[in-house]
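Reading the structure
Below, each chain spelled out in residue letters.
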Amino acid sequence: MLSKVHYSILLGALSASVAAQAQDYLPVLQYHHVSASSPKSTSVTPEQFTEQMDYLKSAGFQVVDLRSALDDLKANKPLPEKAVAISFDDAYRSIYQAGFPILKERNFPFTVFINTEPVERKSRSFLTWDQMKEMEQSGGVFANHTISHPYMLRKEKGESDEAWLSRMTNEVNTVESLLEKNLGHSPKMLAYPYGESNAQIRTMIKEQGIMAFGQQSGVVSADSDFENLPRFPASGAYAKLSTLKTKLNAKPMPLLSEKTGGDYATDQPVSISLTFKEGKYRLKDLTCYVAGQGKAKLDWVSDTEVTATAEKPFGVGRGRINCTMPDNSGKHYYWYSNVWIRSSPDQGYVSEKS
């Protein structure tokens, strides 16, 4: 019979073992089409998708329900070791036809962010509400991707800032109502079309108790902005298994703070300032890449603070900087990404001050 001392030691060892197996971050995979005939840039073929899902299974990854995992991370509760979540954007019919059988066979939960306009007009290329109900019985969750998949930061001609925000609020609220009406519930999650948002949009989302995703790459943790969460694209150029393995082993960049200069880029090159938490990191191996430009210039302000600057200004639209750094084991990469919008008066973007 164990003494109290031995029991305490055993309990402590078991607790330490559980803690070692726990994970305090979550990579989220993003897909669109599962098809060999849809646009390659946003597609993964059924064969590629099968290969990826088989790898998750064989490598011991734990595919978790996205909303439950976000709730746990926000509450600082540990996730299973090697936790990962699967998501799709745009409610394409190919998700049901080609993706769902693969997920169902492996008992993997998944989330589909739906834009409801093509669903409501019964487009043959998009899911039906009955198909969604069927998928719900096998781990499917359906969330908000707005009504019409708009560029959320663009105003219509002659539209005031107030009218723009009202229209965007309606884009979100209508989908929430349709989810409740047709499925009986909403997970209160949203994926921004094209990954675009600004401070006003994120405030509106937060006030409604919704968690939202952009299209910047990275890993979700308790330190993340839950109104602008990262995901890893796993389709198109990112469908290769070797690329996927790197992302599945990614960790959140250990940042104490970040300064991006806001949501909008100007006619000057963007820069970010990153301050790292205390700890032993391979800071000399930090690398930041600017979309379409190559490596950013790194200026170390102190031992724990760096500024990364693009070589040239971004063109109109979206631009980003991705930063990676190997961890001390060399088996994982810390990952950080930020997206800016370069506005254009001709396209009616909402201004930075709005």
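Preceding this paragraph is the structure being described.
Now for a description of the structure that goes with this document. None of these values were measured; they are calculated from a predicted model.

Focus: the packing of aromatic side chains
The final tally for this structure, using the stated rule, is 14 aromatic pairs. A ring pair is formed by Y96 and F100, whose centres lie 6.1 Å apart and whose planes are at 20 degrees; its orientation type is stacked. Of this pair, Y96 and F100 both sit in helix α4 (residues 93-106), four residues apart, which is roughly one turn of that helix. For the ring pair F232 and W335, a centre distance of 5.0 Å and an interplane angle of 80 degrees mean the geometry is edge-to-face. Of the two residues, F232 is situated in strand β11 (residues 232-233) and W335 in strand β21 (residues 333-342); the sequence distance between them amounts to 103 residues. Judged on exposure class, the residue F232 and its partner W335 are both buried. Three or more aromatic residues joined by ring pairs form one cluster here, namely Y31, F49, F88, Y96, F100 and F110.

Thoughts on the nonpolar core
Grouped together as the largest cluster of nonpolar side chains are 46 residues, with contacts concentrated most on Y31, F49, M53, L56, I86, F88 and F142. When residues in this core are grouped by element, the largest group, five residues, is from α4. Ignoring anything within four residues of it in the chain, the contact list for F49 reads Y31, V34, V44, F88, G99, I102 and L103. Listed in part, the 22 residues of the second largest apolar core include M253, V270, I272 and A296.

Regarding the state of the cysteines
Per the counting criterion, the structure on display carries one disulfide. Here C288 connects covalently by a disulfide to C323, the sulfurs 2.1 Å from one another. When the S-S torsion is 110 degrees, as for the bridge of C288 with C323, the disulfide is right-handed. On the criterion of sequence distance, the pair formed by C288 in strand β16 (residues 287-290) and C323 in strand β20 (residues 317-326) is long-range, its members being 35 residues apart. As far as the burial class goes, C288 and C323 line up, both buried.

Notes on the pairing of strand β15 (residues 271-276)
Among the six residues of β15, five are classified as buried, and the element is accordingly described as predominantly covered. Pairing between strand β13 (residues 255-259) and β15: four bridges, direction antiparallel. Within β15, the residue paired with S257 across the bridge is T275.

Regarding unusual backbone geometry
At D90, a residue that is not glycine, the phi angle is positive and equals roughly 90 degrees. In this structure, D90 sits in the loop between β5 (83-89) and α4. According to the relative accessible area criterion, D90 is buried, its value standing at 7%. Its identity as a non-glycine residue notwithstanding, T146 has a phi of 70 degrees, on the positive side. Relative to the assigned elements, T146 resides in the loop between β7 (140-144) and α7 (161-183). Residue class for T146 comes out buried when judged on its relative accessible area of 0%.

Definitions and cut-offs
Residue indices begin from 1 for each chain and proceed along its sequence in written order. Where totals are concerned, whole chains, interfaces and linings use all residues; where local detail is concerned, this predicted model gives features only for residues with pLDDT of at least 70, and gives and counts side-chain atom pairs only at 80 or more. Side-chain metrics in this entry use all non-hydrogen atoms of the structure; hydrogen atoms and water are not considered. Stacked, tilted and edge-to-face are the three classes assigned to paired rings of Phe, Tyr and Trp, where Trp is represented by its six-membered ring and a pair needs centres within 6.5 Å; plane angles under 30 degrees give stacked, over 60 edge-to-face, the rest tilted. The helix and strand labels rest on DSSP assignments: H or I over at least four residues marks a helix, E over at least two residues marks a strand, and numbering proceeds from the N terminus. Only protein chains enter the area calculation, which uses a 1.4 Å probe; residues under 20% of their type maximum are buried, those over 50% are exposed, and those in between are partly exposed. For the purposes of this section, nonpolar cores are sets of buried Ala, Val, Leu, Ile, Met, Phe, Trp, Tyr and Cys residues that join through side-chain atoms within 4.5 Å. By definition in these notes, contact holds between two residues if any of their heavy atoms fall within 4.5 Å. Put simply, a disulfide is two cysteine sulfurs that come within 2.5 Å. Pairs of strands are assigned from DSSP output, requiring at least two bridges between the strands.

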